[in-house]
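# Coordinates in review
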Amino acid sequence: PEADVIIGNPPFLGGKRMRTELGDRYVDSLFALYEGRVPHEADLVSYWFERARDHIERGKLGRAGLLATQAIRAGANRAILRKIKNSGDMFVAWSDRPWILEGAAVRVSLIGFDDGTEPTRVLDGQPVKNINADLTSSLDLTVARRLEENRDICFMGDTKGGPFEITADIARNMLQAPVNPNGRPNLDVVRPWINGSDITGRARGMWIIDFGVGMAENAAAVYESPFEHVLRYVKPMRMTNKRAAYRARWWIHVEPRPAMRQALDRVSRYIATPRVARHRVFEFWDVRILPDSRLYVFARDDHYFFGLLHSRPHEVWSLATSSRHGVGNDPTYNNTTCFETFPFPWPPGQEPTDDPRVQAIARAARELVEKRDAWLNPSGATEKELKSRTLTNLYNRRPTWLDLA
């Protein structure tokens, strides 16, 4: 209806859960109605923002004030706030506030917008000159462009799409099994596996069955015990998946990241960081270990590049360009907005290795790695003591030696 003001708390549902909760017919109709106006990846709440914006632009509404989770200022959702600024503007916003209702605790953003006639701007209770699409008021990092020089270095890890992971005991039995009918050992398709908790906490010693990017079913079946495990535990789950391709290739991970695998073939180890973490920490891992989708990995194995990733400039940049996740409000790193927009001192791969600055950064990074590893795994420590020695606990404590390093 035509109105002076609309305020409200529209229903929230993450973009990835819309089909599960609302059904294909509803979602397909919604996509068709808002085609070209709302990205398909956006959360459900974004449609209310776009509907209100459209009413304002057509003169049917004076202003609107809507609540959303703080994810509205990141990713596909942010496109809606850009549209609001293009056709009008936001005049008041709270970027990130806790919201507790009926036992549910989330982080929310509250946004008031109009056709741009309101002269004042208030962000988080303070007067500002401008409110950017990411609900900041200083440098507008939402317009930072992805740099061609930074491509094909940072990748999201493998998405398994089923219980392919196995314990060390199961892996040991598979690895000790006799050679298969193809004359090959199970080591070809059974490999160590890590996710975010192996970096922020202690490495759990997990393994995973991995038939690579496109191994045919008859070729995979010759690896007897790994294939039988996947047949028993993975196939029933994958047969219920809505995507035909995932059902048809049920023994292959749903997103095996071929570009990542190809890039990692160039290095002996890679650098990994958790997608969501309180502290932006990085670690080296052997290239044989398969990284999970909860990690972002970098196809570089040198200390210089490690030092740049752990530098204060990159930390500040990644915090400013990341979205926030969950009740803990931890920053979420990604390859497109956090890494590929970051201006390195030299284009990656073109660093002058004989430059004293490059060498100094590499030395400092090596020292950091060595001191952290010595703290994480001190000689003579008991199993109980080791459990508390994690990167998260180390960076929570932030001892002086770590600051100096």
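In case you missed it, the structure is sitting above this.
Residues numbered from 1 in each chain as written. Predicted model: local features only at pLDDT ≥ 70, side-chain atom pairs only at ≥ 80, totals over all residues. Heavy atoms only, no water.

Looking now at the packing of aromatic side chains. The tally for this structure, following the rule as stated, stands at 16 aromatic pairs. Geometrically, the ring pair formed by F282 and Y333 is edge-to-face, given 6.4 Å between the ring centres and 85° between the ring planes. Of this pair, F282 sits in the loop between β11 (269-274) and β12 (283-286) while Y333 sits in the loop between β16 (330-332) and α14 (335-339); the two residues are 51 residues apart in sequence, bridging distant segments of the chain. Residue Y333 is classed as buried on the basis of its relative accessible area, which comes to 1%. Ring centres 5.2 Å apart and planes at 20° place the aromatic pair F305 and F344 in the stacked group. Of this pair, F305 sits in helix α12 (residues 303-309) while F344 is found in the loop between α14 and α15 (356-376), placing the two residues 39 residues apart along the sequence. The exposure class of F305 is buried, given its relative accessible area of 0%. A network of ring pairs unites the aromatic residues F282, Y296, F298, F305, W317, Y333, F339, F342 and F344 as a single cluster. A cation sits over an aromatic face here: R63 above F91, 4.2 Å from the ring centre. (Phe/Tyr/Trp six-rings, centres within 6.5 Å; stacked < 30°, edge-to-face > 60°. Helix = DSSP H or I, 4+ residues; strand = E, 2+ residues; numbered from the N terminus. Buried < 20%, exposed > 50% of the residue type's maximum accessible area, 1.4 Å probe, protein only. Lys NZ or Arg CZ within 6 Å of the ring centre and 35° of its normal.)

Attention now goes to helix α2 (residues 24-33). Looking at α2, one finds that the buried residues are V27, L30 and F31. The arc that holds every buried residue of α2, seen down its axis, measures 100°, which confines them to one face. The exposed set on the far side of α2, more than 90 degrees from its buried face, consists of R25, A32 and L33. On the buried face of α2, the contacting elements are α1 (18-22) and α3 (45-57). (Arc of directions from axis to C-beta. Contact = heavy atoms within 4.5 Å.)

What follows deals with the sheet that holds strand β7 (residues 154-156). Strand pairing within a sheet occurs via backbone hydrogen bonds; the two strands may be parallel or antiparallel. Here 4 strands make up an open sheet; going across it, the order is β7-β14-β11-β12 and the pairing antiparallel. The open sheet has two free edges, formed respectively by β7 and β12, since each of these has just one partner strand. Shown here is a sheet whose adjacent strand axes are inclined to one another by a mean of 35°, direction ignored. Here 4 bridges tie β11 to strand β14 (residues 295-298), and the two strands are oriented antiparallel to one another. Considered in β14, the bridge of I271 is made with F298. (Pairing = 2+ DSSP bridges. Axes fitted to C-alpha atoms, helices over the stretch in contact; angles between N-to-C directions.)

Next up on the list: the pattern of salt bridges. Tallying each qualifying case throughout the model produces 29 salt bridges. With a closest N to O distance of 3.8 Å, K242 and D24 form a salt bridge. Of the two residues, K242 is situated in the loop between α9 (235-238) and α10 (244-248) and D24 in helix α2; the sequence distance between them amounts to 218 residues. Taking the relative accessible area as the measure of exposure, K242 reaches 57% and is therefore exposed. Between R191 and D210 there is a salt bridge whose closest N-O contact spans 3.1 Å. Here R191 is found in strand β9 (residues 190-194), whereas its partner D210 is found in the loop between β10 (207-209) and α7 (217-221), with 19 residues between them in sequence. Take R191: its relative accessible area is 14%, and that puts it in the buried class. Judged by its relative accessible area of 5%, D210 is buried. Counted as one network, the salt bridges with shared partners bring together R37, E50, R53, E57 and K83. (Salt bridge = Lys/Arg side-chain N within 4 Å of Asp/Glu carboxyl O.)

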